[in-house]
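Listed below are the residues making up each chain.
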Amino acid sequence: VYYSAPDGVLDRPYQELAGFAKTKELQPGEQEEVTVSFTTESMAGYDMARAAYILEAGVYYVRVGNSSRNTHIAGAIHLDAEAVVEQERNICGESGFTDLKPEKRGVTYAEEAKEKETAVSVELSAAELKQVTHVYSELPRELPHGPACRWEEVVSGKKTMEEFVGGLTDEQLAYLCIGAYKECEDMMEVIGNASISVAGAAGETTQQLKELGTPTLVMADGPAGLRLSPTYECVDGTIRSTASNFGESFMMVLSEEERAAMAAAASEEAGGETYYQYCTAIPIGTGLAQSWNEELVKQCGDLVGKEMEQFGTHIWLAPAMNIFRSPLCGRNFEYYSEDPLLSGSIAAAMTLGVQAHKGCATTIKHFACNNQETNRYFSNSRVSERALREIYLKGFEIVVKEADPWCIMSSYNIVNGHRTSENRELIEDILRGEWNYQGMVTTDWWTSGEHYKEVKAGNDIKMACGFPESLLRAKEAGVLTREEMEICAKRILGLILKID
């Protein structure tokens, strides 16, 4: 189902996707009735001048078909006056250019005029539509200090999370805000294998609070199922991968020295009993989206959730759902679509499938505008706020509101000159303030962002490594507060409490 909005202050496309449904497999001559629904407010466009989503007065045609190239008018909604349905505030700076407005050529077909005359008509008053005005978070207050608590006291309800966090030292708070990783001279030793507990897993939360009884969470990478080392050994109580969890395509881009370093790390101290953990490969993201089948995608998520339980991982670093912005993006196979509604709906189905399993969470990524695989740390995505909200963030908004993913991963790149992992407007104002997201935000691995700036932006944990001393120095210098570390720590611990 598509809709065509009237042109007014905002230029609008010929039609936009509003919703879809998938029939069961039909035998010859068999029929099935499906229902597709969408909210009136979802047809609104974003007016940057007023920082608001608006529905302009006029006729909104509802079109139905089996593809965007084959739709017919099924209804008409007549809105009597303009309605502001959501009041925001402007975010993410200036793009430095004016959006291209291509010449709008009339798209029509032989039956269209008659369909407009005979379409079922609905009269809608702007006065009937409610306006949502968002309240944005203020900086937190420091929690009252108290004696150190045991984690089991929080689990049992004897102590609150605030009491537990208030009893932590500044150093413990700093450790919470970084991922647990292996100390090493060569980063090749831990690439994609920064977990201590599961061979080939991408990382863990800190082990520095074990003395208080706080468990750790293990993170496994995606995208098409769990990415773990298929074989491993246990030597003197230490788990060591004996095979790479990366495919040949990844290994080919490494230098000879890097491949040799990874092989040496895998074979060092070999000789123990070999264990196996083969994971299932599910279809790539693009293939799943092409099915238009949310139930099928949910089943794939269920499969991933079962294997997470089997192999002892808690957080799946997937699905990835950036919009296809460039055909040259080396990550396109992992993403779903060029349409935000389809991307958000498929990611929501995957998340619901995974998180139906107790103690299993997805990580929606890369937030936001990761457009290429080359130079991801320093590429600057320049995009207008309207395009950002209506296209590149919309899929994330859909999955947050429909499926409540427990984790979101910020991206490496820069948006309009501001690094995303340090961008409070993206993470706090939009994600948490406008969408009411309650989960944890993690960085991508070894991001180039400054850690204290990421904490201030609401990026809770830096993976797979970080340096607690840098946060403590920032606090001593007065550019980071204990309160800002506390609020990130509460969200990390809240996820541990939910999953453990």
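The residue numbering used here restarts from 1 in each chain and proceeds along that chain's sequence as written. Confidence filtering applies because this is a predicted model: local features only for residues at pLDDT of at least 70, side-chain atom pairs given and counted only at 80 or more, and all residues used for totals across whole chains, interfaces and linings. Each side-chain value is derived from all of the structure's non-hydrogen atoms; neither hydrogens nor water enter the calculation.

A.B. asks: Teacher, can you tell me more about the overall build of the chain here?
C.D. replies: For helices the rule is a DSSP run of H or I covering at least 4 residues; for strands it is a run of E covering at least 2, with both sets numbered from the N terminus onward. A tally of helices and strands in the chain yields 15 helices and 21 strands. For a compact globule the rule gives 2.2 Å times the number of residues to the power 0.38, and the radius of gyration it is set against comes from C-alpha atoms. Relative to its length of 500 residues, the chain is compact, with a C-alpha radius of gyration of 25 Å against a globular reference of 23 Å. Taken over the C-alpha atoms alone, the chain extends approximately 80 × 55 × 45 Å along its principal axes. For the exposure calls, accessible area comes from a 1.4 Å probe over protein chains only, and a residue counts as buried if that area is under 20% of its type's maximum, exposed if over 50%, partly exposed in between. Looking at the 500 residues of the chain, the share that counts as buried comes to 52%. We call two residues contacting when some pair of their heavy atoms lies within 4.5 Å. Counting contacts in the chain only where the partners sit at least 6 residues apart, residues at least 24 apart contribute 72% of the total. Surface accessibility of the chain: about 23400 Å² in total, with carbon and sulfur atoms responsible for 51%. Here the chain contributes 46 positive and 76 negative side-chain charges, whose respective centroids are spaced 2 Å apart. For every accessible area listed, the method is Shrake-Rupley and the probe measures 1.4 Å; residues are considered covered only by the protein chains on display. His is not counted here, nor are the chain ends, while Lys and Arg score as positive and Asp and Glu score as negative. All charge positions are set by atom: Lys at NZ, Arg at CZ, Asp at CG, Glu at CD.

A.B. asks: Help me out: how do you make sense of the pattern of salt bridges in this one?
C.D. replies: Oppositely charged side chains can pair when the atoms bearing their charge come close. Salt bridges, as used here, are contacts in which a Lys or Arg side-chain nitrogen is within 4 Å of a carboxyl oxygen on Asp or Glu. Counting across every chain of the model gives 33 salt bridges. As a salt-bridge pair, Arg227 and Asp221 come within 2.8 Å of each other at their nearest N and O atoms. The partner of Lys453 in a salt bridge is Glu450, and the shortest N-O contact between them spans 3.0 Å. Three or more residues joined by partner-sharing salt bridges are found here, namely Asp221, Arg227, Arg331, Glu334, Lys365, Glu373, Arg376 and Asp444.

A.B. asks: Sorry if this is basic, but what is going on with the side chain of Glu385 here?
C.D. replies: Structurally, Glu385 can be placed in helix H10 (residues 385–392). On the basis of relative accessibility, which here comes to 6%, the residue Glu385 falls in the buried class.

A.B. asks: I keep staring at the packing of aromatic side chains and nothing clicks. Help me out?
C.D. replies: One pair of aromatic rings is described through two measures. These are the centre distance and the angle between the planes. We call Phe, Tyr and Trp rings a pair once their centres come within 6.5 Å, taking the six-membered ring for Trp, and we label the pair stacked below 30 degrees between planes, edge-to-face above 60, and tilted otherwise. Counted according to the given criterion, the structure contains eight aromatic pairs. When the centroid spacing of 5.3 Å and the interplanar angle of 80° are considered together, the rings of Trp151 and Phe164 count as edge-to-face. You can see Trp151 sitting in helix H2 (residues 151–156) and its partner Phe164 sitting in helix H3 (residues 161–166), a full 13 residues away along the chain. For Phe164, a relative accessible area of 1% gives the class buried. Taking the centre distance of 6.3 Å and the plane angle of 45° together, the rings of Tyr377 and Phe378 count as tilted. Overall, Tyr377 belongs to the partly exposed group, its relative accessible area being 28%. Judged by its relative accessible area of 52%, Phe378 falls in the exposed class. Here the aromatic cluster, defined as three or more aromatic residues joined through ring pairs, consists of Phe367, Phe396 and Trp435. The rule is short: NZ of Lys or CZ of Arg within 6 Å of the ring centre and within 35 degrees of the ring normal puts a charge over the ring. Here the basic side chain of Arg89 rests over the ring of Tyr136, its NZ or CZ set 4.0 Å away from the ring centre.

A.B. asks: Quick question: what am I supposed to make of the sheet that holds strand S2 (residues 16–17) here?
C.D. replies: Each strand in a sheet pairs with its neighbour through backbone hydrogen bonds, running either in the same direction (parallel) or in the opposite one (antiparallel). Ordered in space as S2-S1-S5-S6-S8, the five strands form an open sheet in which the pairing is mixed. The open sheet has two edge strands, S2 and strand S8 (120–124), and neither has a second partner. Only strands joined by at least two bridges in the DSSP assignment are considered to pair. As paired strands, strand S6 (residues 70–79) and S8 are joined by five bridges and run parallel to one another. Along S8, the bridge assignment pairs Leu79 with Leu124.

A.B. asks: Explain the sheet that holds strand S21 (residues 440–442) here, please?
C.D. replies: Pairing in this open sheet of six strands is mixed, and the strands run S10-S11-S15-S16-S18-S21 from one edge to the other. Looking at which strands have only one partner, the edges of the open sheet turn out to be strand S10 (203–204) and S21. Inspection of the sheet shows strand S18 (residues 407–410) paired to S21 by three bridges, in the parallel sense. Residue pairing across strands places Cys407 opposite Met440, the latter belonging to S21. All axes are obtained by fitting lines to C-alpha atoms, using only the stretch in contact for helices, and the reported angles, taken between N-to-C directions, cover 0 to 180 degrees. Contacting strand S15 (315–317) and strand S16 (361–367), helix H9 (residues 340–355) crosses the sheet at an angle of about 150° to S16. Helix-sheet contacts for helix H12 (residues 424–434) involve S16, S18 and S21, and the interaxial angle to S21 is about 150°.

A.B. asks: Help me out: how do you make sense of the nonpolar core in this one?
C.D. replies: In globular proteins that are soluble, nonpolar side chains generally tend to be buried together. Put simply, a nonpolar core is a bunch of buried Ala, Val, Leu, Ile, Met, Phe, Trp, Tyr and Cys residues held in one set by side-chain atoms that sit within 4.5 Å of each other. Grouped together as the largest cluster of nonpolar side chains are 57 residues, with contacts concentrated most on Trp316 and Phe367. In terms of residue count, the dominant contributor to this core is H9 (eight residues). Of all hydrophobic cores here, the second largest spans 41 residues; its members include Ala174, Cys177, Leu209 and Leu212.

A.B. asks: Explanation requested: the packing of H10 against helix H11 (residues 394–403) in the structure shown.
C.D. replies: When two helices pack together, their arrangement is given by the angle between the helix axes and by the axis-to-axis distance. At a minimum axis separation of 5 Å, H10 and H11 run at an interaxial angle of 45°. In terms of axis orientation, H10 runs oblique to H11. Note on element contacts: H11 touches H10 through Lys394, Gly395 and Phe396, opposite Leu388, Arg389, Glu390, Ile391 and Tyr392. Of the residues that constitute the contact of H10 with H11, the class distribution is four nonpolar, one polar and three charged. Oblique is the label for any angle not under 35 degrees, not over 145, and not in the 65 to 115 range, which are roughly parallel, roughly antiparallel and roughly perpendicular in turn. Polar here means any residue outside two lists: the nonpolar Ala, Val, Leu, Ile, Met, Phe, Trp, Tyr, Cys and Pro, and the charged Asp, Glu, Lys and Arg; Gly therefore counts as polar.

Any link to function would need more than the numbers given here.
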